[in-house]
Amino acid sequence: MQYKISHRASCLSPSLTLAIDSKAKQMKAEGLDVVGFGAGEPDFDTPQHIKDAAIKAIADGFTKYTPSSGIPELRQAIADKFKRDNGLTYKPSQVIVSCGGKHSCYNVILATCEEGDEVIIPAPYWLSYPEMVKLASATPVILNTSDKTEFKVTPDQLRTAITPRTRLFILNSPSNPTGSLYSREEIQALGDICVEKGVLIMSDEIYEKLVYDGAAHTSVAAFSQSHYDHTIIVHGMAKAYSMTGWRLGYLAAPEPIAKVIDAIQSHSTSNPTSFAQKGGVAALNGPQDHLQTWLAEYTKRRSYAHQRLNSIPGVSCVNAKGAFYLFPNISRLGLSSSDFCARLLEQEKVAAVPGVAFGADEYLRISYATSMANIEKGLDRIERFAKTLT
Ligand SMILES: *Cc1c(COP(=O)(O)O)cnc(C)c1O
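Predicted model, so just to flag it, every value in this text is computed and none were measured. (Residues numbered from 1 in each chain as written. Predicted model: local features only at pLDDT ≥ 70, side-chain atom pairs only at ≥ 80, totals over all residues. Heavy atoms only, no water.)

### Quick look at the site of the ligand
- Around the ligand there are 13 residues in total, and Gly101, Asp204, Tyr207, Lys239 and Arg247 lie nearest to it.
- Contact between the ligand and Lys102: an oxygen atom at 2.8 Å from a main-chain N or O atom of the residue.
- In the model, a nitrogen atom of the ligand is placed 2.6 Å from a nitrogen or oxygen of the Asp204 side chain.
- With the chains in place, 94% of the 380 Å² that the ligand exposes on its own is no longer accessible.
- Each residue belonging to the shell around the ligand can be placed in one class, and the counts come to five nonpolar, four polar and four charged. (Near = heavy atom within 4 Å. Polar contact = N/O pair within 3.5 Å; in protein donor to acceptor, adjacent residues only side chain to side chain. Areas by Shrake-Rupley, 256 points an atom, 1.4 Å probe, with all protein chains shown as cover. Nonpolar A, V, L, I, M, F, W, Y, C, P; charged D, E, K, R; others polar.)

Take a look at the structure:
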């Protein structure tokens, strides 16, 4: 039978990170000794008080539809979080809770972009952004960066890329896949240009809490009323509370945009899972001290992995300032990133994501959200593999 597939759907590439992760998990299930550097999720357990809140919600019968943009209690907790952490004032009506930060991104793009519109995306990018832009029939405009600038776009690069058709600039700091973090001054310079040119910013701040060496995250919305008016912040529970499977993300936007996203969501997914939202309230309003422990652990792993990668002949790696990824340059080893990763998985049973998935074929993404023992074992194997190439 010949099925007609929409142009929209046939243009998509499936998520390579999810594909590699499931291949590695399958190899593990077959009893193979696989080291997984592929996962984009914390290896820590969701804190107990968050689980308890969701369990109690189920036991209490909180298992029915909720308002499609989230329960008032959670939208208020999110508004409080923006006030507390970022000095930003949002009314609960400007906050939309969605089925994961990914869903929040998609809602933003669907609500603001259409055919003929351009969306500026710095590369290396989170691999879903360009695909979401294509799903909305708009055009991704990729700005390439490299390890020489710590994977950050310059104000000049952004200014040159803006055309009368530019609708949205996607900013993700700290970054997945590179771990880079823009400074306050750098964020402001990019934000100023968007304000001047009337371009909206989708600021994906999901890694806000995962920054190292005393560095600080700055939200572009916080610089002035105009910056606030041009920004939609995307955020979620997945990374800071290790709640990836709960599917709980959120966005904060100027009122007119929040209103249309509310309508989109009411006709697509309706509300995010009722009892997961109770867990979200516990996450935001409860103790945050797990973060200290996690950050200390990530810091140790990052330093170790960074130093080990740089000691491998032919590999160089800038240190990450945030998130839980390193993005080593492997171009001197003479393989494309997909060949490198395919052979690494085959020969050494190490799963890493090829940079090409993020628009940067000279690199790999290594997630250090895995145990120190795994990191040591995995890097021994990568080193052995790299030596067969030089
Ligand atoms: C993990 C992640 C998200 C959100 O993930 P969800 O699991 O959908 O909440 C959004 N942006 C980036 C860059 C991410 O890495």
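Following the structure, the description resumes.
### Notes on the sheet that holds strand β6 (residues 200–204)
- Read across the sheet, seven strands follow the order β2-β8-β7-β6-β5-β3-β4 without closing on themselves; strand pairing throughout is mixed. Bordering the open sheet on either side are β2 (95–98) and β4 (139–144), each of which pairs with just one other strand. The sheet shows a mean angle of 20° between the axes of neighbouring strands, taken without regard to direction.
- Looking at chain direction, strand β7 (residues 231–236) and strand β8 (residues 249–252) are connected through four bridges and run antiparallel. Bridge assignment links Gly236 to a residue of β8, and that residue is Gly249.
- Sheet strands in contact with helix α6 (residues 128–135) are β3 (118–123), β4, β5 (166–172) and β6, and its direction is about 155° off that of β4. (Pairing = 2+ DSSP bridges. Helix = DSSP H or I, 4+ residues; strand = E, 2+ residues; numbered from the N terminus. Axes fitted to C-alpha atoms, helices over the stretch in contact; angles between N-to-C directions. Contact = heavy atoms within 4.5 Å.)

### A few points about the environment of Ala136
- As for its placement among the helices and strands, Ala136 is situated in the loop between α6 and β4.
- Contact partners of Ala136, with chain neighbours within four places excluded, come to Ile109, Leu110, Cys113, Glu114 and Glu115.

### Let's talk about the sheet that holds strand β12 (residues 364–367)
- Spatially, β9-β12-β11 is the arrangement adopted by the three strands of the open sheet, whose pairing is antiparallel. Edge positions in the sheet fall to β9 (325–326) and β11 (353–354), since each has one partner strand and no second.
- Looking at chain direction, β11 and β12 are connected through two bridges and run antiparallel. Bridging from a neighbouring strand, Val353 pairs with Arg365 of β12.

### What about the pattern of salt bridges?
- Tallied over the full model, the rule gives 25 salt bridges.
- The partner of Lys91 in a salt bridge is Glu255, and the shortest N-O contact between them spans 3.2 Å. Here Lys91, found in the loop between α4 (72–86) and β2, pairs with Glu255, found in helix α10 (residues 255–267); they are 164 residues apart in sequence, far enough to count as distant.
- Glu255 gets classed as partly exposed once you look at its relative accessible area, which sits at 29%.
- A salt bridge links Arg308 to Glu383; the nearest nitrogen and oxygen atoms lie 2.9 Å apart. One end of the pair, Arg308, is in helix α12 (residues 290–310); the other, Glu383, is in helix α14 (residues 372–387), and 75 residues separate them in sequence. Of the two residues, Arg308 and Glu383, both sit in the buried class. (Salt bridge = Lys/Arg side-chain N within 4 Å of Asp/Glu carboxyl O. Buried < 20%, exposed > 50% of the residue type's maximum accessible area, 1.4 Å probe, protein only.)

### A few points about the side chain of Thr145
- Relative to the elements of secondary structure, Thr145 occurs in the loop between β4 and α7 (155–161).
- A polar contact is formed between the side chain of Thr145 and the backbone oxygen of Ala123, at a distance of 2.7 Å.
- At 3.5 Å, the side chain of Thr145 and the backbone oxygen of Phe151 are in polar contact.
- With near-sequence residues (within four places) excluded, Thr145 lies in contact with Ala123, Pro124, Phe151, Lys152, Val153 and Gln157.

### Side note on the domain arrangement of the protein chain
- Domain boundaries in the protein chain define domain 1 (7–46 + 290–387) and domain 2 (48–285).
- Between the C-alpha centres of domain 1 and domain 2 the distance comes to 25 Å.
- Contacts between domain 1 and domain 2 engage 39 residues on the former and 37 residues on the latter.
- Between domain 1 and domain 2 the total buried area reaches about 3300 Å² when both faces are included, carbon and sulfur atoms providing 58% of it.
- Per-residue buried area on domain 1 facing domain 2 is highest for Thr46, Lys321 and Phe358; these three make up 22% of the total on that side.
- Remark: the boundary between domain 1 and domain 2 carries three salt bridges.
- With a shortest N-O distance of 3.0 Å, Arg302 and Asp213 are connected by a salt bridge.
- Sorting the residues of the side of domain 1 that touches domain 2 by element identifies α2 (16–29), α12 and β9 as the ones contributing at least two each.
- Of the residues forming the side of domain 1 that touches domain 2, the biggest block, seven residues, is contributed by α12.
- Split into classes, the residues belonging to the side of domain 1 that touches domain 2 amount to 22 nonpolar, eleven polar and six charged. (Domains from an automatic or database assignment. Buried area = accessible area lost by both parts, 1.4 Å probe.)

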